[in-house]
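Examination of the molecular architecture
The lines below spell out each chain.
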Amino acid sequence: MTATSRNIGSTLLDVRNITLRFGGVKALTDISLAVREHEICSIIGPNGAGKSSMLNVINGVYHPQEGQITYRGVPRRRMKAHEAARQGIARTFQNIALFKGMSVLDNLMTGRNLMMKTSFIQQALRWGAAEREELEHREKVERIIDFLEIQSVRKTPVGRLPYGLQKRVELGRALAAEPSLLLLDEPMAGMNLEEKEDMCRFVLDVNDEFGTTIVLIEHDMGVVMDISDHVVVLDYGKKIGDGAPGEVRNNPEVIAAYLGTSH
Amino acid sequence: MKATVQTAGGPPAGADTFPKLLLMHARERPGRPAIREKDLGIWQEWSWEQMAAQVRALACGLAAMGFGRGDKLAIVGDNRPRLYWAMAAAQTLGGVPVPLYQDAVAEEMAYVLADADIRFAVVEDQEQVDKLLEVKDRCPQLEWIIYEDPRGMRHYRQPCLRAYAQVQSDGRQFEIGQHEFFERAVARTRADDISVMLYTSGTTGKPKGVVLTHEAFIVTARAGVEREGLDDRDEVLAYLPMAWVGDHLFSYAQSYVAGFCVSCPEGASTVMTDMREIGPSYFFAPPRVFENLLTQVMIRMEDAGAFKRRLFHYFMELARRVGTAILDGRPVSTGERLQYALGRVLVYGPLKNVLGFSRIKLAYTAGEAIGPEIFDFFRALGINVKQFYGSTETAATICVQPNGQVRADTVGVPAAGVEVRIADSGEVLVRSKGTFHSYYKRPDDTAEAKDAEGWLHTGDAGYFDDEGHLRIIDRAKDVGKLADGTLFAPKFIENKLKFFPFIKEAVTFGDQREYVAAFINIDLEAVGNWAEKRGLAYSGYTDLAAQDVVYTLVRECIEKVNADLAADSRLSGSQIKRFLVLHKELDADDGELTRTRKVRRRFIAERYATLIEALYSARAQASFESEVRFEDGRSGLLRADLKLREAERFGVHELRKAS
């Protein structure tokens, strides 16, 4: 499978001239980027470049002081993170944010919480439609378990799993929300080579099988150059590169930022 | 209940092939579960009637694609209902299923695919499809690859690929125009048709296709079902490779004969969990699986609280004393019986539940020798673990241990309908309806393995002990005779010696000699520890090996082995008379061992010829000069003086007196 065999569509997410400030500190300065449907877009840059802030802006945790975000052609007003989730944006975190004491299965079920229509009382009593609804969600979650090949740890508390597997579970929880845009914050950080290869495979498969658009932050340049359709480079809150992996790699400004030329 | 009795007596004479058995069960017990698979976290079940419909659709679909009599169908994947159905479908059409080891690399697969003239392959998933596509150029006969799981297959455009579901739906269409196509095809199958081709592992040379008939497997399976009283309420878990003869017997043949349900686990990593959920009544595992289970239990017990640990050890001690006796129906005092019953509530029951053994009534192990302590652990818990002996060429069954006569060191008595004879050379010969038809396309090998009278030469050396149980001692080619004609099985004796932690390696001699003599390599770590505890000083291996106390230590080990051998009338004559402890460790770099650490007997016999002669003389001292290769590649001369010692041998009578 090559990137060209997938039909990358029109722009899904359009970020225009974003500036994000925390008091006097400018985390992001005048950044624009466009993510097209079905593509894998990587955001790279040195530590503190503003990558995670960028993701937080996209899924509504931070609100930029300036600029405009258009998602699915609709300009976005100030909104909360769960509203972004409702629009089909899911994410994973740089530091794993799972419920450690709960089983893999239950963690994945939480990913479907927003889609449950029955009330809390109904769910607690397994009353009326609640049970049927839970079964439907369980089936969706089981498909994800099958997809990520984590059947053997289905009932294991997440806290007892090795790190690489926890990362996979977190991806699973994000997938459980059936997102159209998936934000991955350093999905391969701290993994060994084999775990990285597995994770790459899963990211590519998610993109291919479910047609999910993916924006990811990653430090491993090999991974980024291999799997991305589109790379955005940030440095000190500014965008210094944007394009296909090959173009970005040869961009002198990017090379300078990575080699640490004096500023 | 009535149906059960009928099954135990065997199905009616008409059902003499697997497809006929399938239709029989679909008629007689349409609603009983036939096969299960855990998919998406839920056990999916097919009744015999539903399974017959699935096999029918697939068989018709294969027929529509041109699969016919004599064609070979490769089956590659984990244990999956759809792959088992493919076996029955191929058999219905008079074709031959050829299950392959799913973890084989593409190279190995190419060899078997070409050797077996495979035209059709049914495979599990994308991974297997990729492997087959990779080697397809080298296998010109391979026309179709049918895949079960469509995941990841969307971008494949090769014309030779087809989805399993597609083949089945084409089959349903195909059948519309052909009245009772399936029934007629089933009726055409005959007991002496080839039912399956199983490839040997090929540890000695290229893998060979072992051709077996319906009759061979059905006769063997029926004997097992009757012997153990299996019926359609039994449950098994199919988790061992489908290409292995044991799985074919337990998960396919016996299920079709007895009508019991086979459950397929979700994947290799979930077997333990799935086993607990299913709670099989009948279980097979090679010794290493039992070993792993025991290790896991012990590790978990170490983590348990002090009270639980003491409880566990107390009751396991009790179980070791009386558990096997209770299982075998031997007399046990009432007090101990009561204690054991309490242990069942507090320890054995919960432990068996964790292992998924709660409902187990019978477990088999085979393939290699099982450690007595592992064997006894499970039997002490009340799990009826038994050993059997067989090979691919005998549909997995030659001997089985009868209930109540189970021991760790025998493989039991010949199964019903199996004749076993010991050749003059000591080789085990077998004749039964269950032996193989031929090796595929290898008439010479076939003639060599199976003589004109139908005796199969197993290549194993063994003998019947005083109670009529077969003991396998060695590969036949390694077994020799002492000058007086006594059986001499070197590896058997060496294994007994190596059972002691102090002895690392042993080489025994005796073929065409007056008595048995041995070279011993001590285990530097174990003997070194032992020496340190006693405050003995030594400078290295050579020094330690030459010490008198070490000779005494080794002699004690040898005498224990001799006592063991004396208890057995056939081997009593092959007790070790003289031995020496070698001045150096046998080493693969010196060519004395293979890279897998097996003794190269002939090489050692040549190299140490002078020492061997000394062992067969009356001398108490011998010197030996040898060239050694140092690790940096240089070589030098090493001269050593070795002591030769005698070990006490026991007569059968003395031993009786002693006990």
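Here goes a summary of the coordinates provided. (Residues numbered from 1 in each chain as written. Chains lettered and ligands numbered in written order. Predicted model: local features only at pLDDT ≥ 70, side-chain atom pairs only at ≥ 80, totals over all residues. Heavy atoms only, no water.)

Looking at the packing of aromatic side chains
All names here are of chain B. In this structure the tally under the stated criterion is 35 aromatic pairs over all chains. Put simply, the rings of Trp244, Phe250, Phe260, Tyr282, Phe284, Tyr364 and Phe388 touch in pairs and so form one group of aromatic residues. Cation over ring: Lys208 sits above Tyr439, and NZ or CZ is 4.7 Å from the ring centre. (Phe/Tyr/Trp six-rings, centres within 6.5 Å; stacked < 30°, edge-to-face > 60°. Lys NZ or Arg CZ within 6 Å of the ring centre and 35° of its normal.)

Brief notes about unusual backbone geometry
A positive phi angle, close to 70 degrees, is found at His38 of chain A, a residue other than glycine. By the element assignment, His38 of chain A lies in the loop between strand 2 (25-36) and strand 3 (40-44). Take His38 of chain A: its relative accessible area is 25%, and that puts it in the partly exposed class. Here the phi dihedral of Lys441 of chain B falls at roughly 60 degrees; this positive angle occurs in a residue that is not glycine. The topology assignment puts Lys441 of chain B in the loop between strand 19 (438-439) and helix 16 (443-449). Accessibility expressed as a relative area gives 48% for Lys441 of chain B, which makes it partly exposed. (Helix = DSSP H or I, 4+ residues; strand = E, 2+ residues; numbered from the N terminus. Buried < 20%, exposed > 50% of the residue type's maximum accessible area, 1.4 Å probe, protein only.)

Quick look at empty space enclosed by the protein
All names here are of chain B. Counted according to the given criterion, the structure contains six cavities of 30 Å³ or more. For the largest cavity, the calculated volume is near 120 Å³. In this structure, the largest cavity is lined by 13 residues; those nearest its centre are Val236, Leu237, Phe250, Ser251 and Phe284. Where the lining of the largest cavity is concerned, the elements lending two or more residues are strand 10 (235-237), helix 10 (245-258) and strand 12 (282-284). In terms of residue count, helix 10 provides more of the lining of the largest cavity than any other element does, four residues in total. In terms of residue class, the lining of the largest cavity is made up of 10 nonpolar, two polar and one charged. If you count residues domain by domain, the lining of the largest cavity takes at least three from each of domain 1 (2-269) and domain 2 (282-358 + 360-389). Put simply, the second largest cavity is a space of about 90 Å³. Every residue lining the second largest cavity is listed: Val219, Thr220, Ala223, Thr394, Thr397, Ala415, Ala416, Gly417, Val418, Ser432, Lys433 and Gly434. Element by element, the count of residues in the lining of the second largest cavity is highest for helix 9 (residues 214-228), at three residues. Looking at the lining of the second largest cavity, its residues break down into five nonpolar, six polar and one charged. (1 Å grid on protein atoms, 1.4 Å probe; cavity = no way out; pocket = protein on both sides within 12 Å on 5 of 7 lines; lining within 4 Å. Points joined across faces, edges and corners; volume = space filled by probe spheres on them. Nonpolar A, V, L, I, M, F, W, Y, C, P; charged D, E, K, R; others polar. Domains from an automatic or database assignment.)

Quick notes on the side chain of Ser103 of chain A
All names here are of chain A. For Ser103, the location among the structural elements is in the loop between strand 6 (89-92) and helix 3 (104-110). Taking relative accessible area as the criterion, Ser103 reaches 13% and is therefore assigned buried. Filtering out sequence-adjacent residues up to four positions away, Ser103 remains in contact with Arg154, Lys155, Thr156, Pro157 and Val158. (Contact = heavy atoms within 4.5 Å.)

A few points about the nonpolar core
Residues and elements named next belong to chain B. With 130 residues, the main nonpolar core has Phe217, Phe290, Phe357 and Phe378 as its most contacted residues. Top element by residues in this core is helix 3 (residues 48-64). It accounts for nine residues. Looking at this core, you find at least three residues from each of domain 1 (2-269) and domain 2 (282-358 + 360-389). The residues touching Phe357, leaving out its near neighbours within four places in the chain, are Met275, Phe283, Phe290, Leu293, Lys352, Phe378 and Ile383. (Core = buried A, V, L, I, M, F, W, Y, C linked by side-chain atoms within 4.5 Å.)

What to know about the packing of helix 2 (residues 18-28) of chain B against helix 10 of chain B
All names here are of chain B. Across the interface, helix 2 lies against helix 10 with an axial gap of 9 Å and an inter-helix angle of 45 degrees. In terms of their interaxial angle, helix 2 and helix 10 are classed as oblique. Both helix 2 and helix 10 take part in a crossing whose hand is left-handed. Here Phe18, Leu21, Leu22 and His25 of helix 2 lie close against helix 10, whose contacting residues are Tyr252, Ala253, Ser255, Tyr256, Val257 and Ala258. (Axes fitted to C-alpha atoms, helices over the stretch in contact; angles between N-to-C directions. Parallel < 35°, antiparallel > 145°, perpendicular 65-115°, else oblique. Left-handed = near helix turned anticlockwise from the far one by under 90°.)

What to know about the sheet that holds strand 6 (residues 144-147) of chain B
Residue and element names in this part refer to chain B. Spatially, the five strands line up as an open sheet ordered 4-3-5-6-7, and their pairing is parallel. The open sheet has two free edges, formed respectively by strand 4 (96-100) and strand 7 (161-163), since each of these has just one partner strand. Taking each pair of neighbouring strands and ignoring which way they run, the sheet shows an average axis angle of 25 degrees. Inspection of the sheet shows strand 6 paired to strand 7 by three bridges, in the parallel sense. By the bridge assignment for strand 7, Ile146 is matched with Arg162. (Pairing = 2+ DSSP bridges.)

Describing the interface of chain A and chain B
At the junction of the two partners, chain A supplies 15 residues and chain B supplies 10 residues. Each partner contributes to the roughly 1,100 Å² buried at the junction of chain A and chain B, and carbon and sulfur atoms together form 44% of this total. When the buried area of chain A at its contact with chain B is split by residue, Ser152, Arg154 and Glu209 of chain A rank highest and sum to 36% of it. Where chain A touches chain B, the interface holds three salt bridges. Measuring nitrogen to oxygen at the nearest pair gives 3.5 Å for the salt bridge that ties Asp208 of chain A to Arg154 of chain B. Counting every contact that joins chain A to chain B gives seven residue pairs in polar contact (both at pLDDT 80 or more). Contributions of two or more residues to the side of chain A that touches chain B are made by helix 5 (129-148) and helix 7 (193-209) of chain A. Of the residues contributing to the side of chain A that touches chain B, the split by class is three nonpolar, two polar and 10 charged. (Buried area = accessible area lost by both parts, 1.4 Å probe. Salt bridge = Lys/Arg side-chain N within 4 Å of Asp/Glu carboxyl O. Polar contact = N/O pair within 3.5 Å; in protein donor to acceptor, adjacent residues only side chain to side chain.)

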